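# Understanding the architecture of this molecule
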Amino acid sequence: MADKPFTLVIFTSMSGHTEALARAIAEGAGSLRNTTAEVKRARDVTPDDIGRASALAFGSPTYFSYMSGELKMLFDEFLPYKERFQGKPVIAFATGEGGQSKCIESIEGILESFGVDMVHRSDILTAGLAVQGMLDQKAKNEAVNAGKKLADAGVCFACRKATEEQGVTIGGEKPTM
Ligand SMILES: Cc1cc2nc3c(=O)[nH]c(=O)nc-3n(C[C@H](O)[C@H](O)[C@H](O)COP(=O)(O)O)c2cc1C
C-alpha cells in the first residue's frame, strides 16, 4: 500500500462524460488532508496499482445496459489478484442515457465477488453514482462529495491495515509471542 492513503479512480470513456465524472470524484478524494488521488483509464491499470490503493472507484459508460468491454476485461484479467481488492472501500459510477443504474449493477456484481466493501450502501447513494448526459454542477458536487466519503473510508481502511500489520491489538497492547 502507498505511504499516504491513496484513492484510485478507474474509468473508461469514449466521449468524455464518464471521464468528467471520474475527475470530479478524484477531486473530492484528493481534497482530504494527507491523502492523494489518481485517475487512470482501465487499460492502463496494473495489479500493483490496485494493491497500492486504499480506496477504489470504478466507472464506465453504459453499453447495452452493461459496463464497457474495457472495464470488464480488467475484471477478467485481475481475477487472479482478487485478494488485492479485499475489504477495500469502493464505489461504482456510470453515465448513460437513462440505463446507467444497470451498468452500476453490473460493476457492483463483479466487485462484490472480489470481496470489496461497497461504500455507498451505507452512506453515499442507493444506486451508486449515476449520471445521464454531461456533468452539471449538481452532479459534479455529488461526485466530489462521493470522492471525499470514499477517501475517508480509505483512510480508515489504511489505519486498520497498519494496525494489523504492526500486530497491535484493540486496546493498544502488542501480542506477546
Ligand atoms: C454502443 C453504445 C451502447 C450504448 N448503450 C446504452 C444503454 O444501453 N443504455 C444507456 O443508457 N446508454 C447507452 N449508451 C449511451 C452511453 O452510455 C452514454 O452516451 C455515455 O454517457 C457515454 O459515455 P462517455 O462519454 O464516457 O463515452 C450507449 C452508447 C453506445 C456508444
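Residues numbered from 1 in each chain as written. Predicted model: local features only at pLDDT ≥ 70, side-chain atom pairs only at ≥ 80, totals over all residues. Heavy atoms only, no water.

### Section: the state of the cysteines
To keep it simple, the criterion reads: Working definition: a disulfide is two cysteine sulfur atoms within 2.5 Å of each other. Relative accessible area decides the class of each residue, using a 1.4 Å probe on protein chains only: under 20% of the type maximum gives buried, over 50% gives exposed, and in between gives partly exposed.
Applying the stated criterion across every chain yields a total of zero disulfides. Of all cysteine sulfurs, the one in Cys-159 lies closest to Cys-156, which takes part in no disulfide; the gap is 6.6 Å. Accessibility expressed as a relative area gives 46% for Cys-159, which makes it partly exposed.

### Digging into the side chain of Thr-95
Our working rule: The way it works is that DSSP assigns letters per residue, a run of H or I at least four long becomes a helix, a run of E at least two long becomes a strand, and they are numbered from the N terminus. Two residues form a contact once any of their heavy atoms are found within 4.5 Å.
Summarising the element assignment, Thr-95 is placed in strand E4 (residues 89-96). Those residues within four positions of Thr-95 in sequence are excluded, and the remaining contacts are His-17, Thr-18, Leu-21, Ser-60, Pro-61, Thr-62, Gln-100 and Val-131.

### So, the site of the ligand
Worth spelling out the cut-off: Only heavy atoms are used to decide nearness, and a residue is near a molecule or strand if one of them lies within 4 Å of it. Two N or O atoms form a polar contact when they lie within 3.5 Å of each other; inside protein one atom must be a possible hydrogen donor and the other a possible acceptor, and for residues adjacent in sequence the pair counts only when both atoms belong to side chains. For the accessible areas, the method is Shrake-Rupley and the probe is 1.4 Å, while residue cover comes only from the protein chains on display.
Within the structure, the ligand sits among 16 residues, and Ser-13, Met-14, Ser-15, Thr-18 and Thr-62 are positioned closest to it. For the ligand, an oxygen atom lies 2.8 Å from a polar atom in the backbone of His-17. Between the ligand and Thr-62 there is a distance of 2.6 Å, counted from an oxygen atom to a backbone nitrogen or oxygen. Contact with the protein chains covers 76% of the free accessible surface of the ligand, which is 650 Å².

### Some details on the packing of helix H1 (residues 17-30) against helix H6 (residues 137-165)
Condition: Interaxial angles span 0 to 180 degrees and are taken between N-to-C directions of axes, which are lines fitted to C-alpha atoms, for helices over the stretch in contact. Angle categories: roughly parallel below 35 degrees, roughly antiparallel above 145, roughly perpendicular from 65 to 115, and oblique for all the rest. Each crossing gets its hand from how the near helix is turned against the far one by less than a right angle, where anticlockwise is left-handed and clockwise is right-handed. Charged residues are taken to be Asp, Glu, Lys and Arg, nonpolar residues to be Ala, Val, Leu, Ile, Met, Phe, Trp, Tyr, Cys and Pro, and polar residues to be all remaining types, Gly included.
Two elements in contact, H1 and H6, have axes whose closest approach is 6 Å; the angle formed by their N-to-C orientations is 50 degrees. In terms of axis orientation, H1 runs oblique to H6. Relative to H6, the crossing made by H1 is right-handed. Residues Leu-21, Ala-24, Ile-25, Glu-27, Gly-28 and Ala-29 of H1 form the contact with H6, whose participating residues are Lys-140, Ala-143, Val-144, Gly-147, Lys-148 and Ala-151. Its residues assigned to classes, the contact of H1 with H6 comprises seven nonpolar, two polar and three charged.

### Quick notes on the environment of Ser-13
Assignment of secondary structure puts Ser-13 in the loop between strand E1 (6-11) and H1. Its relative accessible area of 13% is what places Ser-13 among the buried residues. Separated by 29 residues in sequence, Ser-13 and Ala-42 have C-alpha atoms that sit 9.5 Å apart. A distance of 3.4 Å separates the side chain of Ser-13 from the backbone nitrogen of Glu-19, its partner in a polar contact.

### Let's talk about the pattern of salt bridges
Here is the rule: Any Lys or Arg side-chain nitrogen found within 4 Å of a carboxyl oxygen on Asp or Glu counts as a salt bridge.
In the structure shown here, the tally under the stated rule is 10 salt bridges. Residue Asp-49 pairs with Arg-52 through a salt bridge whose shortest N-O separation is 3.2 Å. With Asp-49 and Arg-52 both in helix H2 (residues 47-52) and three residues apart, this pair spans about one turn of that helix. Note on Asp-49: relative accessible area 6%, which makes it buried.

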